[in-house]
Amino acid sequence: AMAEATAVRETEKAAFDKALGESKTNLVAMRKAIEALEKGMAGSFLQSPAAGFLQRFVTSSHRLLETDRQAVLSFLSGQQADAYAPQSGEITGILKQMED
């Protein structure tokens, strides 16, 4: 019984450690996106690996309204390109809310 309980705890810890690592990676990606948007450097962020992490996180996040998700994903896909620059404040706001 003791060995079984230890095995369960080890499995749960491994799952927790994996989720914690993913959360930290997503938080770093969000911070990089916010920083890039605030500096007007969205284009360089979109070409970084952090953009891919953020895209996967936004896609799977249940904390976002669908309209916000679509706005962020549209931005991350680069579909809006330079025409999106005036609306980057909206994306920054969404990402800051997610960060909290």
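Residues numbered from 1 in each chain as written. Predicted model: local features only at pLDDT ≥ 70, side-chain atom pairs only at ≥ 80, totals over all residues. Heavy atoms only, no water.

Draft legend 1. Geometry of the environment of aspartate 68. By the secondary structure assignment, aspartate 68 is in helix 4 (residues 66–77). Along the chain, aspartate 68 and isoleucine 94 lie 26 residues apart, while their C-alpha atoms are 6.9 Å from each other. (Helix = DSSP H or I, 4+ residues; strand = E, 2+ residues; numbered from the N terminus.)

Draft legend 2. Examining the environment of histidine 62 more closely. Position of histidine 62 relative to the elements: it lies in the loop between helix 3 (49–60) and helix 4. Of the residues examined, histidine 62 reaches a relative accessible area of 80% and is grouped as exposed. It is 19 Å that separates the C-alpha atoms of histidine 62 and alanine 51, two residues lying 11 residues apart in sequence. (Buried < 20%, exposed > 50% of the residue type's maximum accessible area, 1.4 Å probe, protein only.)

Draft legend 3. A look at the packing of helix 3 against helix 4. Relative orientation of the contacting elements helix 3 and helix 4 amounts to 160 degrees, with a least axis distance of 10 Å. One element, helix 3, and the other, helix 4, form an angle in the roughly antiparallel class. Of the two possible hands of crossing, helix 3 and helix 4 adopt the one that is left-handed. Contacts between helix 3 and helix 4 involve Ala51, Leu54, Gln55, Val58 and Thr59 from the former and Arg69, Val72, Leu73 and Leu76 from the latter. Residue classes in the contact of helix 3 with helix 4 are distributed as six nonpolar, two polar and one charged. (Axes fitted to C-alpha atoms, helices over the stretch in contact; angles between N-to-C directions. Parallel < 35°, antiparallel > 145°, perpendicular 65-115°, else oblique. Left-handed = near helix turned anticlockwise from the far one by under 90°. Contact = heavy atoms within 4.5 Å. Nonpolar A, V, L, I, M, F, W, Y, C, P; charged D, E, K, R; others polar.)

Draft legend 4. Fine view of helix 3. Taking 1.5 Å of rise per residue, 12 residues should cover 16 Å, and helix 3 covers 17 Å from first to last C-alpha, within 8% of that figure. The complete set of buried residues in helix 3 reads Ala50, Ala51, Leu54, Phe57 and Val58. When helix 3 is viewed along its axis, its buried side chains cluster within an angular range of 125 degrees and face the same direction. Among the exposed residues of helix 3, those oriented more than 90 degrees off its buried face are Pro49 and Arg56. (Expected span 1.5 Å × (residues − 1). Arc of directions from axis to C-beta.)

Draft legend 5. A look at the packing of helix 1 (residues 2–38) against helix 3. Here helix 1 crosses helix 3 at 115 degrees, and the two axes come no closer than 8 Å. Taken as axis vectors, helix 1 and helix 3 run roughly perpendicular relative to one another. Handedness of the crossing formed by helix 1 with helix 3: left-handed. Contacts from Thr25, Asn26, Ala29, Met30, Lys32 and Ala33 in helix 1 reach Ala50, Phe53, Leu54 and Phe57 in helix 3. Of the residues that constitute the contact of helix 1 with helix 3, the class distribution is seven nonpolar, two polar and one charged.

Draft legend 6. Representation of helix 1. Helix length check: helix 1, at 37 residues, gives a terminal C-alpha distance of 53 Å against a target of 54 Å (1.5 Å per residue), a fit within 8%. Taken from the residues just after helix 1, glycine 40 is the one with a positive phi, measuring 75 degrees.

Draft legend 7. Main features of the nonpolar core. Counting residues in hydrophobic clusters, the biggest one holds 23 residues, and the most contacted among them are Phe45, Leu54, Leu95 and Met98. Residue assignment for this core shows that the elements contributing at least two residues are helix 1, helix 2 (42–46), helix 3, helix 4 and helix 5 (88–99). Top element by residues in this core is helix 1. It accounts for six residues. Dropping the residues within four chain positions of it, leucine 95 is found in contact with Met30, Ala33, Ile34, Leu37, Leu54 and Val72. (Core = buried A, V, L, I, M, F, W, Y, C linked by side-chain atoms within 4.5 Å.)

These figures come from the coordinates and say nothing about function on their own.
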